[in-house]
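Below are the chains, spelled out letter by letter.
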Amino acid sequence: WRRTSWKVCVFRKELRLKMSLTSPRVVGTGVKVVSTQKLFTQGGLVSTDNALDLAIDGKGFFQALLPDGRVGYTRSGILSRNAEGLLTTTSGYVVQPQIQIPEDATSINISSSGIVSVTTPGNDIGQEVGQVSLANFSNPRGLTPVGENFSVESAESGVAQEGAPLDGGFGKVLQGYVESSNVNVVQQLVDMIETQRAYEVSSKSITAVDEMMQFISRNL
């Protein structure tokens, strides 16, 4: 009787072990992408010698008025003038706050603090015509992308905090430069190899667990 009772006890333990091994928390049910996010790390600065090309060295976003009335935020500072002389982005959206360049301006100077000044014929002294303003967020990764290199604020990003370059933690503005991609190709290749190796290890682990379950099933 004792011997039979011991065998039943062992069978119950093996059954519980098998049930625990087949639990999704132990074996796993695959992987899925939970979320994606943008990285707003500093990209390299490339000189263009174009007076209306701006780059931000540090934190902050340029602001422009989108067609739907919302304010769009971008790190791209490739600007131009429209028919009214207003500074616009490559998409034609007016930079906020508006900065108007006189039609007869002979030169345009934008300081690192964002002050825009121009010279006109017969007047070699720079005349201030506007101020480039930047915006930042408590959680920039929470911004919602809307295309054309623009994002808009969301509940996750928080409310935009506006200020002048070099003021309150904002970066400085560099005239005649554009910010290139912040993607490090070498680092991305290393990360991809690490991910591939991790996947291979997980795959082998699942195979090993499957073989163990088969062994237990055959020997019950």
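Refer to the preceding data block for the structure.
Since the structure is predicted, the reported quantities are computational estimates derived from the model, not experimental observations.

Peer 1: Which residues make up the overall build of the protein chain, and what are the values?
Peer 2: When you go through the protein chain residue by residue, the secondary structure sums to 3 helices and 16 strands. Buried positions account for 29% of the 220 residues belonging to the protein chain. Here the contacts in the protein chain between residues at least 6 apart in sequence split such that 57% fall between residues at least 24 apart. When the accessible surface of the protein chain is totalled, it reaches about 14500 Å², and 54% of it is carbon and sulfur.

Peer 1: Before we move on, can you summarise the packing of aromatic side chains with the specific residues and values?
Peer 2: Tallied over the entire structure, the rule returns 4 aromatic pairs. Centroid distance Phe61 to Phe137: 6.1 Å. Interplanar angle 65°. Geometry classified as edge-to-face. Of this pair, Phe61 sits in the loop between strand S2 (53–57) and strand S3 (62–65) while Phe137 sits in the loop between strand S11 (134–136) and strand S12 (144–147), placing them 76 residues apart in sequence. With respect to class, Phe61 is no different from Phe137; both count as buried. Ring geometry for Tyr93 against Phe150: centres 5.6 Å apart, planes inclined by 55°, an arrangement best described as tilted. You can see Tyr93 sitting in the loop between strand S7 (87–88) and strand S8 (107–110) and its partner Phe150 sitting in strand S13 (residues 150–152), a full 57 residues away along the chain. Judged by relative accessible area, Tyr93 falls into the buried class, the value being 14%. Ring pairing ties together the aromatic residues Phe40, Phe61, Tyr73 and Phe137, which thus form one cluster.

Peer 1: Can you tell me about the side chain of Thr119, naming the residues and giving the values?
Peer 2: For Thr119, the location among the structural elements is in strand S9 (residues 115–120). Owing to a relative accessible area of 14%, Thr119 belongs among the buried residues under this scheme. Side-chain polar atoms of Thr119 contact the side chain of Ser107, separated by 2.4 Å. Thr119 has contacts with Asp104, Ala105, Thr106, Ser107, Asp124, Ile125 and Gly126, leaving out every residue within four places of it along the chain.

Peer 1: Quick rundown of the sheet that holds S8? Include the residues and the values.
Peer 2: Pairing between the strands of a sheet is mediated by backbone hydrogen bonds and can be parallel or antiparallel. Strands sit in the order S8-S9-S10 across an open sheet of 3 strands; the sheet is antiparallel. Of all strands in the sheet, those with a lone pairing partner are S8 and strand S10 (123–131), marking the two edges. The average angle at which neighbouring strand axes cross in this sheet is 25°, direction not considered. When S9 meets S10, the two strands line up antiparallel, connected through 5 bridges. By the bridge assignment for S10, Ile115 is matched with Gln131.

Peer 1: Before we move on, can you summarise the pattern of salt bridges with the specific residues and values?
Peer 2: Tallying each qualifying case throughout the model produces 3 salt bridges. For Asp68, the salt bridge goes to Arg70, with nearest N and O atoms at 2.8 Å. A residue is classified by how much of its surface remains accessible, and Arg70, at 41% relative accessible area, is partly exposed.

Peer 1: Talk me through unusual backbone geometry; I want residue IDs and the actual numbers.
Peer 2: With the exception of glycine, the majority of residues adopt a negative phi angle, and the majority of peptide bonds are in the trans configuration. The residue after Gln96, namely Pro97, is reached through a cis peptide bond having omega -10°. The residue Glu148 is not glycine, and still its phi comes out positive at about 55°. Here Glu148 is to be found in the loop between S12 and S13. For Leu166, which is not glycine, the phi dihedral falls at a positive 70°.

Peer 1: Explain the layout of surface pockets residue by residue, including any values.
Peer 2: Empty space among the atoms becomes apparent when a probe as large as a water molecule is rolled across them. Roughly 350 Å³ of volume is contained in the largest pocket. The wall of the largest pocket is formed by 20 residues, among which Phe40, Arg75, Asn149, Glu179 and Asn182 lie closest to the centre. For the lining of the largest pocket, the secondary structure elements donating two or more residues are strand S4 (71–74), strand S5 (77–78), S13 and strand S16 (177–179). Of the residues assigned to the lining of the largest pocket, the class counts are 8 nonpolar, 9 polar and 3 charged.

Conventions used here
Residues numbered from 1 in each chain as written. Predicted model: local features only at pLDDT ≥ 70, side-chain atom pairs only at ≥ 80, totals over all residues. Heavy atoms only, no water. Helix = DSSP H or I, 4+ residues; strand = E, 2+ residues; numbered from the N terminus. Buried < 20%, exposed > 50% of the residue type's maximum accessible area, 1.4 Å probe, protein only. Contact = heavy atoms within 4.5 Å. Areas by Shrake-Rupley, 256 points an atom, 1.4 Å probe, with all protein chains shown as cover. Phe/Tyr/Trp six-rings, centres within 6.5 Å; stacked < 30°, edge-to-face > 60°. Polar contact = N/O pair within 3.5 Å; in protein donor to acceptor, adjacent residues only side chain to side chain. Pairing = 2+ DSSP bridges. Axes fitted to C-alpha atoms, helices over the stretch in contact; angles between N-to-C directions. Salt bridge = Lys/Arg side-chain N within 4 Å of Asp/Glu carboxyl O. 1 Å grid on protein atoms, 1.4 Å probe; cavity = no way out; pocket = protein on both sides within 12 Å on 5 of 7 lines; lining within 4 Å. Points joined across faces, edges and corners; volume = space filled by probe spheres on them. Nonpolar A, V, L, I, M, F, W, Y, C, P; charged D, E, K, R; others polar.

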